[in-house]
Protein chains: 2
Amino acid sequence: MKKQNNDELVFLPLGGSNEIGMNLNAYGFGPAHARQWIIVDVGVTFGDQTTPGVDVIVPDASFLEGEDIIGIVLTHAHEDHIGALGWLWPQLRAPLYATPFTAYLIREKLRDADLLDEVTLHEVPLGGTINLGPFRVEMVTITHSIPEPNGLAIHTPLGTVLHTGDWKIDEDPVVGQRTDVETIRRLGDEGVLAMVCDSTNVFVDGVAGSEAEVKAALANLVGSLKGKVAVACFASNVARVDSVVRAAEAAGRRVALVGRSMHRITAAAKSVGLLKDVRDFISDAEAKYLPADQVLYICTGSQGEPRAALSRIADGTHPHVNLSTGDHVVFSSRVIPGNEIAIRNLQNKLSDRGVRLYTERDHPGIHVSGHPCRDELRQMYQWARPSIAIPTHGERRHLVEHTQLAKEMQVPHAIAPRNGDMVLLAPGDPSIIDEVPNGRLFVDGGMLVPEAGEALRERRHAASNGVLIVTFAIDDKGRQASDIEVRGLGLPGDADYPLDEALDDLADRAKEALKKMDPAERNDEEAVEGAVNRALKKASQQIWDRRPIVETVVLRV
Amino acid sequence: MKKQNNDELVFLPLGGSNEIGMNLNAYGFGPAHARQWIIVDVGVTFGDQTTPGVDVIVPDASFLEGEDIIGIVLTHAHEDHIGALGWLWPQLRAPLYATPFTAYLIREKLRDADLLDEVTLHEVPLGGTINLGPFRVEMVTITHSIPEPNGLAIHTPLGTVLHTGDWKIDEDPVVGQRTDVETIRRLGDEGVLAMVCDSTNVFVDGVAGSEAEVKAALANLVGSLKGKVAVACFASNVARVDSVVRAAEAAGRRVALVGRSMHRITAAAKSVGLLKDVRDFISDAEAKYLPADQVLYICTGSQGEPRAALSRIADGTHPHVNLSTGDHVVFSSRVIPGNEIAIRNLQNKLSDRGVRLYTERDHPGIHVSGHPCRDELRQMYQWARPSIAIPTHGERRHLVEHTQLAKEMQVPHAIAPRNGDMVLLAPGDPSIIDEVPNGRLFVDGGMLVPEAGEALRERRHAASNGVLIVTFAIDDKGRQASDIEVRGLGLPGDADYPLDEALDDLADRAKEALKKMDPAERNDEEAVEGAVNRALKKASQQIWDRRPIVETVVLRV
């Protein structure tokens, strides 16, 4: 019989699986009743048109609350890896570990959440090692689309897990170091028990391509243009920003940064020695006084975010940047799924101003992905040779496809856990041994609320169907003591049937419903509200073929 | 001085420009004060997550109401070309002209709108000619992704316009005829004044590819699969349906159609002699009793439409079709912009059931576009050699790019009108001579309402911010005569600050606002409502950092 006190090594994805964004992974070591945990990444994802009023979504980490968490390691500074720290640290309450660039941006985040004084944040050098109880975590330099991306070699008495983080194989990442292939190979030689690996591009053949290729393409493109040039890219891709700056310098253009996060991230980059030898940026206000051919803007807003720089330029509401016929906007970025409509609207507005657009679709060299395509995944499996493949960081179909690829690469075991599936990595054959509470929490009105919460459900219902408000007073004998007032929110009228008329008719229907009630019942507000609700829902169905939220308020006077 | 009574030929796009969908184009002939009009296509577009509660959007054709419209010609049966007939015909009131397959589906539409007895619908043979006052309209057979696509050669005393409709150059369209190149060349030889042309794929190099290639790819793919196979495609692409049926027959599979529009369109196809020599379809109920390897479903729902067949299969709620591990879903379709999120959710649900997916991204041969890519556009310009290029059927950036391409093709004039721009085609140089009322109308609650209407604006506001309802009674002296009742819709609470507590606090704030009022004012319901609204908006901002719709109802008792 299996001893209950055996040490076990488990992996628990809470936000990292079944999502392209929002990473929160936990590794547990020890006997089942007394596990010690380390957490890898605490990220957010963002709301979209299906979650009106909800901009930020975080993993539900309630399972870990009160567990013995001995450290939180952040692989890199993208929002889907560090963005939920401000929301979730108060539940997790463990020291943080990150390399300098990541640590700089984490400090900003903690400051915003008023947590800076409470949290211990350890800065780890690139390639450094963190000792956390039974875990020895080795930072492994990889390449991605942000400075200082790290994979983690998590050594435990039961074996080593290679947690890749977000990665690609970039032979010339423009800024920062190349992938530390030596270390990955060495880990493979020593034996990798499990590899927990990025699945974003598992459906894409070949390789993602190098930042150096983008650098060359941008230099060519910018060099060929007359008029003002604006380049939209992710601020966190400092290599990209660097490439754009070099392209501008080669073309005799001064660079102005436009958008708050451009300023924020370039400051972080400079703090770790990046972007050091570039000419000073000018302000967008100064840039106005330069000839069109001598200026280049690097802008936020490639995803069509309505308040970002590029949307304001497209709307003609930016105080300092004005683009029109003869000018150019280069999208050195991809379309993040969910942003298609916003980006399309943005691009049509720019086009309408006469601005010429360049996107990766029509100019394939001007963007590369930061995630590994199939050939890179194969290469990584050849280097690391894990016994267990655990695809993560992908939607369900990505994870499923990734297990197929791992099997093709002769990996003995491949498991695609769902969020909340606890995977036993050792001892014995890997398997899913538990399912813990999991899910997503929505930041709604400044509060953390359940994903399927009442408030959003009501807002969605109101968005599609509108709201009817019915009020009247009854006296202590249950007699109607005021007019019946009916108001509609989000309900249409037309020339044949104006809204006022519809609301009058609905008031009549409410009156009829009231009359039909048993006199005894009429003294019961809840019964009255229920009867009126039913009558008005039915009437609304006849008028608008929809069922608005009907809110009947009966006042007792 | 120009004579006011000169005949002019004008082109007026009302829904056909600045949109990928929703075509409504008008051609006017005669002196400016007495134009005769023909209309080409009367299409819809569909709502998305940004238009909650609005599924159907139609062009605002109010400018044409009361004008001398002598005929409405429908190029083909796609919804973006015929879908608004039921909504707009009562304004336009002119006879309809269409080829048989299109006419069949128009009749269905008119029947649904209770207009069948009112409308005259002329069936025109393929290649036929329609004489409409000064217009002689020649149907020109082209190829597209639906049976019987037509371009129109619109002959007038001032020259010929080639209105392409939706087209591509398919050497082997599987069903129906090939592009009538002879006629297009002949028109070019005789002289084409203007070409009004599809811009959908102007950013795509090369050619769209042939349905015959898809047929081969589907036969290969389906032939290689074990387990149940479902193929999702657009029902209106009868060639595609035909190809899937042949692939199934070759693989020894019986075919079941799943989804209402599959049945509807295949009936239309059979009425014009298509799909004649295929084995009878079986019902989805019968298919259940066949071995998995002997059945193939052709499904609606490739766009993730929640009520379509494929979504119900993915949800496990379809009464007859159950797919799981070992089964396959082939998406022989593209992602229509705006549907990305819905399709992603659908595919993840299927993947979660263990179903293997095949999309054009990972299996490029299984879908081709129905619209011309750049090489096809160049070919068409070489055949038709128009004096004026008028790009239509595209977003703004497509139209702008298309004018560039036309200029490269040596077309003397290229104009990209916006919706509502009246383009003078002849006599003299082409130019935009007027801007008429235009826009989009939303079908909202069964009514046609303006695009920027109050109802949708309120619903969107409610979707992001929620609704607060405040009610109380005052007596004839302006004294509060009931409790203050506050209810929230779509407003969250959490453990630290439950919603009930927030609503109680808001009731207190309403009470304070009331107390602060001048006693004289308190007798004025509107003033009371205004004061309470202001107080509660401010309080909501403090609680939730948002501004809900506050609806205060003061009853007089």
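Located above this text is the structure these notes cover.
Reading the values: rules and limits
- Residues numbered from 1 in each chain as written.
- Chains lettered and ligands numbered in written order.
- Predicted model: local features only at pLDDT ≥ 70, side-chain atom pairs only at ≥ 80, totals over all residues.
- Contact = placed C-beta atoms within 7 Å.
- Helix = DSSP H or I, 4+ residues; strand = E, 2+ residues; numbered from the N terminus.
- Nonpolar A, V, L, I, M, F, W, Y, C, P; charged D, E, K, R; others polar.
- Expected span 1.5 Å × (residues − 1).
- Buried ≥ 20, exposed ≤ 12 C-beta atoms within 10 Å, placed from the backbone.
- Pairing = 2+ DSSP bridges.
- Axes fitted to C-alpha atoms, helices over the stretch in contact; angles between N-to-C directions.
- Least-squares fit on C-alpha atoms with pLDDT ≥ 70 in both.

Engineer: Hey, could you run me through the interface of chain B and chain A in this one?
Structural biologist: On the chain A side, the residues contacting the 61 residues of chain B number 61 residues. Mapped by element, the contributors of at least two residues to the side of chain B that touches chain A are α10 (340-352), α12 (396-408), β24 (447-450), α13 (454-465), β25 (467-474), β26 (485-489) and β27 (549-556) of chain B. Tallying contributions element by element places α13 of chain B first for the side of chain B that touches chain A, with eight residues. For the side of chain B that touches chain A, a count of residues per class yields 25 nonpolar, 16 polar and 20 charged.

Engineer: Can you walk me through helix α6 (residues 238-250) of chain A in this structure?
Structural biologist: An α-helical segment advances 3.6 residues per turn. Residues three or four places apart therefore align on the same side. Residue and element names in this part refer to chain A. Here α6 contains 13 residues, and its C-alpha end-to-end distance of 18 Å stays within 8% of the 18 Å for a straight helix at 1.5 Å per residue. In terms of burial, α6 is a largely internal element, 10 of the 13 residues being buried. Within α6, burial applies to Val 238, Ala 239, Arg 240, Val 241, Asp 242, Ser 243, Val 244, Val 245, Ala 247 and Ala 248. The inward-facing, buried residues of α6 abut α5 (211-223), β14 (229-232), β15 (254-258), α7 (260-271) and β16 (295-299).

Engineer: Just to check I follow, could you spell out the sheet that holds strand β23 (residues 440-444) of chain B for this structure?
Structural biologist: Strand pairing in a sheet is mediated by backbone hydrogen bonds. Such pairs are either parallel or antiparallel. Read across the open sheet, the four strands follow the order β4-β5-β23-β24 (chain B); overall the sheet is antiparallel. Two strands close off the open sheet at either side, each with one partner strand: β4 (45-46) and β24 of chain B.

Engineer: Quick question: what am I supposed to make of the sheet that holds strand β20 (residues 413-414) of chain A here?
Structural biologist: All names here are of chain A. With respect to topology, seven strands assemble into an open sheet ordered β9-β10-β11-β12-β13-β19-β20, the strand pairing being mixed. The two strands at the open ends of the sheet, each matched to only one other strand, are β9 (129-132) and β20. Docked against the sheet, helix α4 (residues 181-190) engages β10 (135-141), β11 (150-156), β12 (159-163) and β13 (192-198), running at close to 145 degrees with respect to β12. Contacting β19 (386-392) and β20, helix α12 (residues 396-408) runs over the sheet at an angle of about 160 degrees to β19.

Engineer: Quick question: what am I supposed to make of the relation of the copies chain B and chain A here?
Structural biologist: Once chain B is rotated about the relating axis by 180 degrees and shifted along it by 0.1 Å, it coincides with chain A to within an RMSD of 0.2 Å. Taken together, the rotation angle and the small translation identify this as a two-fold axis. Taking the C-alpha atom as reference, chain B places Ala 463 of chain B closest to the rotation axis, 2.5 Å from it. With an isologous cut-off of 70% or more, the 100% of interface residues of chain B that recur at the interface of chain A puts this contact in the isologous class.

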